[in-house]
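One letter stands for each residue in the lines below.
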Amino acid sequence: MANDRLRALEDVEKEIAVVLQCAGTIILELSKEKHNASLLDRQLNQFQTSINRVESELSSQIRYLTQVATGQPHEGSTYSARKDCQMALNRAEYARVKLGELGRTCELMLDPQT
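What counts and what doesn't
Residues numbered from 1 in each chain as written. Predicted model: local features only at pLDDT ≥ 70, side-chain atom pairs only at ≥ 80, totals over all residues. Heavy atoms only, no water. UniProt positions renumbered as here; feature names shortened; annotations may be inferred. Helix = DSSP H or I, 4+ residues; strand = E, 2+ residues; numbered from the N terminus. Polar contact = N/O pair within 3.5 Å; in protein donor to acceptor, adjacent residues only side chain to side chain. Contact = heavy atoms within 4.5 Å. Expected span 1.5 Å × (residues − 1). Buried < 20%, exposed > 50% of the residue type's maximum accessible area, 1.4 Å probe, protein only.

Under an unreviewed UniProt entry, the name given to the protein is Mediator of RNA polymerase II transcription subunit 11, and the organism recorded is Pygocentrus nattereri. UniProt lists a comment for the protein under the heading Subcellular location (unreviewed entry), and it reads "Nucleus".

(A) Structural context of the side chain of Ser-50. Its place among the elements puts Ser-50 in helix 2 (residues 37-70). Engagement of the side chain of Ser-50 in a polar contact is seen with the side chain of Glu-15, the distance being 2.7 Å. Those residues within four positions of Ser-50 in sequence are excluded, and the remaining contacts are Glu-15, Val-18 and Val-19.

(B) How the structure looks around helix 1 (residues 2-30). Its 29 residues give helix 1 an end-to-end C-alpha distance of 42 Å, which sits within 8% of 42 Å, the value for a rise of 1.5 Å per residue. Regarding helix 1, the residues found buried are Ala-8, Val-12, Glu-15, Val-19, Cys-22, Ile-26 and Glu-29. Each element contacted by the buried residues of helix 1 is listed here: helix 2.

Written out as structure tokens, the structure reads:
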């Protein structure tokens, strides 16, 4: 699952390179006195298609990260379960310390020699 996410981000990076290349080609063509309308149309279509892909994939990645950060159950992650386990261990340790303190207090109260 994590490898799929990384590959998807690599694909986004490649699409961003395509977006920049299209933008550069469009600007170069617009700087000429006589524009090639066909080239501009093709580059503009490619630019828009790539931008839509980038936006879609980044939105998907953000939704995934939002699920992870909020602890909602989702495919391929044990974050929520690990967080719950760690919190339970912390509570158990706290209870152990408090019971130890209570035990020492009881011993002092029951031991009249102190």
